[in-house]
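Coordinate analysis (summary)
Each chain is listed here by its residues.
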Amino acid sequence: MRSTLSWQAGRAGAALRRTSLLRRELRADDIAVRVDYCGVCHTDLHAVRTHTGDAPLVPGHEFTGVVTGLGREVTRFALGDQVAVGNIVDSCGECAMCQAGQENFCHEFPTLTYGGTDRHDGTSTLGAFSREYVVRDEFAYPLPAGLDPAAAAPLMCAGITVWEPLRALGVGPGARVAVAGLGGLGHLAVKLAVALGAETTVVSRSAGKAGDTRRLGGHDLIVSADQRQMAAARDRFDVVIDTIAVPHDVAPYLKLVALDGTLSLVGHLGAVTVQATDLLIGRKKLSSAGSGGRPATAAMLEFCARHGITADIELLPSARVNEALDRLARNDVRYRFVLDLSDLPQNR
C-alpha cells in the first residue's frame, strides 16, 4: 500500500482534518498521480455536511496533477505527464452505455472518484483532497498544453457537466441559449456556449451580474425576479441550461424555452414538479445531464484548449479547505474554489 496525506471528513458538520490514508499498489492499468490542484464542488459540500462518520470520506473529484507511477501495462502516459481526472474513475466497460462511450450512464453505475465502490476489491474510493491518487489509466486524460492546471481542474466536473447537454442538444452558431444561475456551473456554461457560437443570455436573480455576463462573453442578462423581463423573453431560447443548485420552480424557465426547445436541469437533481401543459404549449422538452463519458471529456478538454477556456477560480492552500466549504455554503465565491495540495507532503 502507498501512504499519502489527505483532508478527511468526520461526522456531519465537523471540520475536515489532515490525516494519512493508504492508496492501493498499482494494478497493471493504473497510474499514480501527484494531485496538485483540486476543485471544490457543491457535491463535496453536501457529502461533508451529511457524512455519518461510519466510513472514511475524503472528498474531491475534479483535479489535475502529474504522473508519478505507471502500472506495467500502461502505454498512454509517461512519468511527468500532466493529467486531469474527473468524477468517474471506472465503469463496467461492457454495457450498451459504456460501449457507446457514455460511461457516466453505466448500467452497473460508474465508480465515483470518492464514495464509490472499487470494482476489484470492494473498498470505498477516497477522493482527491489528498496528495496522491491512484486511478485506472483510461479514466485519466492528458492535460492539454496551455491550460492552467489550477483553473482547468473544475473543467473535470463543472465543465463536463454543462458541456454534455450543450453538445447533445446541438448548440452551435445561431443557437439561442440561456444559462440560469451564474455560479460554478453557470459561468462555464456561458463560456462554452459563447465559444460554440451561440447567442448566450444569463438568467440571474441579481442585476449585479450584468458586468460578469459581459466579461464572460454573454450577450444579455435577464433578471429572474423582474416579471416584465421574464415575460418579454417568453419562447425565446432553443436551450435553457438550468444550473441552479437548490430546489426551485422550473415553470418560469420552461416559459423561456422556444418551440421544440429544451430545458436541461444540471444543478439541482432532486424531485421536480412540472405541469404537463408547460411542456405541451410549444412542444417543449425537459431533460437532464450529469458528467460525461470518456470521448466527450477528451473532446471538451481539446475544445477548451483551442478556445482558452478555464474556470474563474479562487486558489487556496488546502489547509483552508474548511474555509472554502463554509464560504461555498454561503455562495461566497466567484466562481470556483480550487485547493493547492502542495502544502500536503507526498509521503511514500
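The name an unreviewed UniProt entry assigns to the chain is alcohol dehydrogenase (NADP(+)), from the organism Amycolatopsis rubida. If you open the UniProt record of the chain and go to Catalytic activity (unreviewed entry), you find "a primary alcohol + NADP(+) = an aldehyde + NADPH + H(+)".

Turning our attention to the UniProt feature "domain: Enoyl reductase (ER)" (unreviewed entry) in the chain. UniProt feature "domain: Enoyl reductase (ER)" (unreviewed entry): in the numbering of this structure it lies at residues 13-339. End-to-end, the C-alpha atoms of residues 13-339 are 20 Å apart, and along that stretch the chain is 26% helix and 26% strand.

Any two side chains of opposite charge can pair, on the condition that their charged atoms come close. Evaluated as defined, the whole model comprises 29 salt bridges. Residue R49 is joined to D326 by a salt bridge in which the shortest nitrogen-to-oxygen separation is 2.9 Å. You can see R49 sitting in helix 1 (residues 42-50) and its partner D326 sitting in helix 11 (residues 321-329), a full 277 residues away along the chain. Relative accessible area serves as the criterion here: at 38%, R49 is assigned to the partly exposed category. Taken together, the shared-partner salt bridges connect D29, D90, E103, R136, E138 and R294 into one network.

Our focus in this paragraph is the sheet that holds strand 10 (residues 176-180). Within the open sheet, the 6 strands sit side by side as 12-11-10-13-14-15. Their pairing is parallel. Across the chains shown, the open sheet's two edge strands, defined by having one partner strand only, are strand 12 (220-223) and strand 15 (285-288). Ignoring strand direction, the axes of neighbouring strands in this sheet form an average angle of 20°. In terms of strand pairing, strand 13 (residues 237-242) meets strand 14 (residues 257-265) through 5 bridges, oriented parallel. Bridge assignment links F237 to a residue of strand 14, and that residue is V257.

Before going further, it helps to examine unusual backbone geometry. Across the junction of R334 and Y335, the peptide omega takes the value 0°, indicating a cis bond. Relative to the helices and strands, Y335 is located in the loop between helix 11 and strand 17 (336-340). Although it is not a glycine, R283 sits at a positive phi angle of roughly 50°. A positive phi angle, near 60°, is found at N331, a position not held by glycine.

What counts as what
- Residues numbered from 1 in each chain as written.
- Predicted model: local features only at pLDDT ≥ 70, side-chain atom pairs only at ≥ 80, totals over all residues.
- Heavy atoms only, no water.
- UniProt positions renumbered as here; feature names shortened; annotations may be inferred.
- Helix = DSSP H or I, 4+ residues; strand = E, 2+ residues; numbered from the N terminus.
- Salt bridge = Lys/Arg side-chain N within 4 Å of Asp/Glu carboxyl O.
- Buried < 20%, exposed > 50% of the residue type's maximum accessible area, 1.4 Å probe, protein only.
- Pairing = 2+ DSSP bridges.
- Axes fitted to C-alpha atoms, helices over the stretch in contact; angles between N-to-C directions.

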